[in-house]
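One-letter residues, chain by chain:
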Amino acid sequence: MKYGEYLREHLTSEWSSQYISYDYMKELLIDAFSKASQLNENSLRQQFFIEIDQDFFKVCEKEAIKINTFFAEKLAEALLRFEPLKTELIYIKHNHRITNKIYPRNDVERNHFDKRKRHRKINDLKLAFSEFYLMLILLQNYQTLNFTGFRKILKKHDKLFETTRGNQWRNVHIDSAPFYTSKRIEQLMNDVEILFTNELESGDRTRAMQRLRVPPLEEKQSKTVSFRIGIFTGMLCLLIPSMIIVGIILHKNESIEIFDWHAVVHLYRSTFLIILNIIFFALNVYGWSKSGVNHVLIFELDPRNHLTYQKYLELGFCLLVIWCLSVNAYILSSYLKFQPFIQPLILILFLFVFLINPIRIFYFQSRFWLLKKFLRILCSPFVHVNFSDFWLADQLCSIELIFFDIEYFICFYLYDTKWTQLNNQRSLFCSGWTQICFQVIFLLLPSWFRFLQCLRRYRDTKHRFPHLVNAGKYASSFFVIIMNGFRRGYALKYQNNRYSNPFLYLWILTSLISSTYKLIWDFKMDWGFCQRKMGKNKYLREQIIYSSKSFYYFTIIENILFRFIWIINIFIHFDSFSAEYSDFIGFIFAFIELIRRFLWNYFRLENEHLNNCGQFRAVRDISIKPTLIEHRNNTQCQSTCIEMEEIVNEINTILTK
């Protein structure tokens, strides 16, 4: 593998602009060599190379200054981050000794509370140390890649120009450069390992290194998982055609009772959309990983233990196989007249139990992370909102049909299955205006959660823009859903003259405003497009990550079309024949919205990744609330001051070299 490719694969993407410009420097050498090859005399070529070296070594010097400066800044950041971690560790130990002296052992309740509080603090501290250690690994990798880059490019320089000037320049400028000679990163790593082992893991180095270890920077795929994906794909190739064939045969068989396809669509479309969303997310993760978008950092996942796109794809295909088996079982149960409606209920219960299963199997940590995020969404106005919180809430906004179907599920299994004695009360709860009210309430939930998240972010930051403006975007969805509910509620009254329904025009107006609002927000805020500094990327942004510009322009057109696809509903409103297939049409619209969100995800995370690149943020910010030791002796104060003075002197030395 060529070093340029190796560098692109192993660099920290958030720091990509601060690495050696290896490809650019290599291109300079190749262009100079091609021009020199046109000169016949060797003396002329050597004179030409000497002139080129003046410009080339200026570039090398500029790159070295850039790398030294960035390394000094990151080393300073690392040194300053290490101090609060050590201070907090000292405080926890000191406070634990004082607590044991003040409260006797027989004070069980107090000791239990203090033990839980201390355990929570230690876990937070372990997480902070592990992220700090990851930062040190990335800095060490930064040192190695840049030194190797200079060594490779200067070696290539000497080979092409038939000289030793490159090696001489390296001995003078690179071998003594602070980013290469500094051993403080290794010292910090050793200090972290000793502290973590002795103070947080009771001397167990093996356990400590398991917590601190960093996996390979590039994600390696599992052959076993690939094999299972192949197995599930083969099963789907058999199950999907068999499901279609059996359904057609039963539908055409006149001797069998008419098959209720409307119930099948209503009962199975929501679970299908959930599974399809998992598969689409797997494709998102694959695209982000290949393009260098650090979704692990953006979602604040554990870099040592998270699911790859292969595992998401395996999970999606496995659930899709179970979904197809359930549909086939439903069809056969209908043919045999043996409680067919129990099949979708079993499927839903299976998915629910799979998600909340407390046993540490089937990606327990990932499921637990997802449950925590759902809980944070439910508690939106009362907890701090992270990127992963509002991103997941946005995904829920794209599968509003699932919330709409909640009302259908409840009413269907209470009244239509004849499993209960409530059949005569259906008109009271599951028809007319009561039914529409329940549907509207359920449909409002995703936008309501997202609205509350925006208000919470405004409370935390006091920034009216963008948070209050973003809240207005989701508030516009309230009016669309409510007006649509009134339109449907008065449809029977205006059945003979559908043009007279006033709520039809209010629904069109609110939908037009809401869709335009959301479209502008997609382009300007979520994707960061249409900026003043676009450079060569017309209508986009100055810096783009994905290689194909046509992909950007295609998604822009797709987003415009799919944002306004609801216009088709206007024509359906006046077509009585379409009302019979409203469940199918609703499913198609939901499927289209899922595709739009799938493409939206690529550019939303790209924009967030570029923001992280602008701040050179490569690890999670694990905030440890600072605590003060009131009774700190003078020796500790003096040692801390001396250590901070040494840190400042070291930073100044690096910057002045």
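The preceding data block contains the structure.
One structure accompanies this document, and this report is about it. (Residues numbered from 1 in each chain as written. Predicted model: local features only at pLDDT ≥ 70, side-chain atom pairs only at ≥ 80, totals over all residues. Heavy atoms only, no water.)

**A look at unusual backbone geometry**
Move 1: Cis geometry is adopted by the peptide bond preceding P466, which originates at F465 and carries an omega value of 15°.
Move 2: Turning to its location among the elements, P466 is positioned in helix α19 (residues 464-489).
Move 3: Non-glycine residue Y539 carries a positive phi angle of around 65°.
Move 4: Mapped onto the elements of the fold, Y539 is located in the loop between α20 (502-526) and α21 (549-563).
Move 5: According to the relative accessible area criterion, Y539 is partly exposed, its value standing at 48%.
Move 6: One non-glycine residue with positive phi stands out, namely F616, at about 55°.
Move 7: Structurally, the position occupied by F616 is in the loop between α24 (582-614) and α25 (634-656). (Helix = DSSP H or I, 4+ residues; strand = E, 2+ residues; numbered from the N terminus. Buried < 20%, exposed > 50% of the residue type's maximum accessible area, 1.4 Å probe, protein only.)

**What about the pattern of salt bridges?**
Move 1: Counted according to the given criterion, the structure contains 25 salt bridges.
Move 2: Its salt-bridge partner being E63, residue K66 comes within 2.9 Å of it at the nearest N-O pair. Of this pair, K66 and E63 both sit in helix α3 (residues 42-102), 3 residues apart, which is roughly one turn of the helix.
Move 3: Judged by relative accessible area, K66 falls into the partly exposed class, the value being 21%.
Move 4: For R541, the salt bridge identified is with E606, shortest N-O distance 2.7 Å. Here E606 lies in helix α24 and R541 lies in the loop between α20 and α21, a separation of 65 residues in the sequence.
Move 5: One salt-bridge network, held together by shared partners, links D522, R563, E593 and R596. (Salt bridge = Lys/Arg side-chain N within 4 Å of Asp/Glu carboxyl O.)

**Here we look at helix α16 (residues 400-416)**
Move 1: With 17 residues, α16 extends 24 Å between its outermost C-alpha atoms, agreeing within 8% with the 24 Å of an ideal straight helix rising 1.5 Å per residue.
Move 2: Buried within α16 are the following residues: L401, I402, F403, F404, D405, E407, Y408, F409, C411, F412, Y413 and Y415.
Move 3: Two residues or fewer after α16 comes K418, characterised by a positive phi angle close to 65°. (Expected span 1.5 Å × (residues − 1).)

**Some words on a positive patch on the surface**
Move 1: A grouping of R151, K152, K155 and K159 is seen on the molecular surface, where their side chains present a positively charged patch.
Move 2: Inspection of the secondary structure assignment puts K152 in helix α4 (residues 108-161).
Move 3: Residue classification places K152 among the partly exposed positions, given a relative accessible area of 35%. (Patch = residues over 30% accessible without salt bridge, like charges linked within 9 Å, V, L, I, M, F, W, Y side chains within 5 Å. Areas by Shrake-Rupley, 256 points an atom, 1.4 Å probe, with all protein chains shown as cover. Lys, Arg positive; Asp, Glu negative; His and termini not counted. Charge placed at Lys NZ, Arg CZ, Asp CG, Glu CD.)

**Observations concerning the state of the cysteines**
Disulfides are covalent bonds that link the sulfur atoms of two cysteine residues.
Move 1: The final tally for this structure, using the stated rule, is 1 disulfide.
Move 2: Covalent S-S linkage joins C411 and C430, the inter-sulfur distance amounting to 1.8 Å. Here C411 and C430 share a disulfide; its torsion about the S-S bond, -80°, makes the bridge left-handed. Of this pair, C411 sits in helix α16 while C430 sits in the loop between α17 (426-429) and α18 (432-461), placing them 19 residues apart in sequence. Of the two residues, C411 and C430, neither departs from the other in class, the shared state being buried. (Disulfide = S-S within 2.5 Å.)

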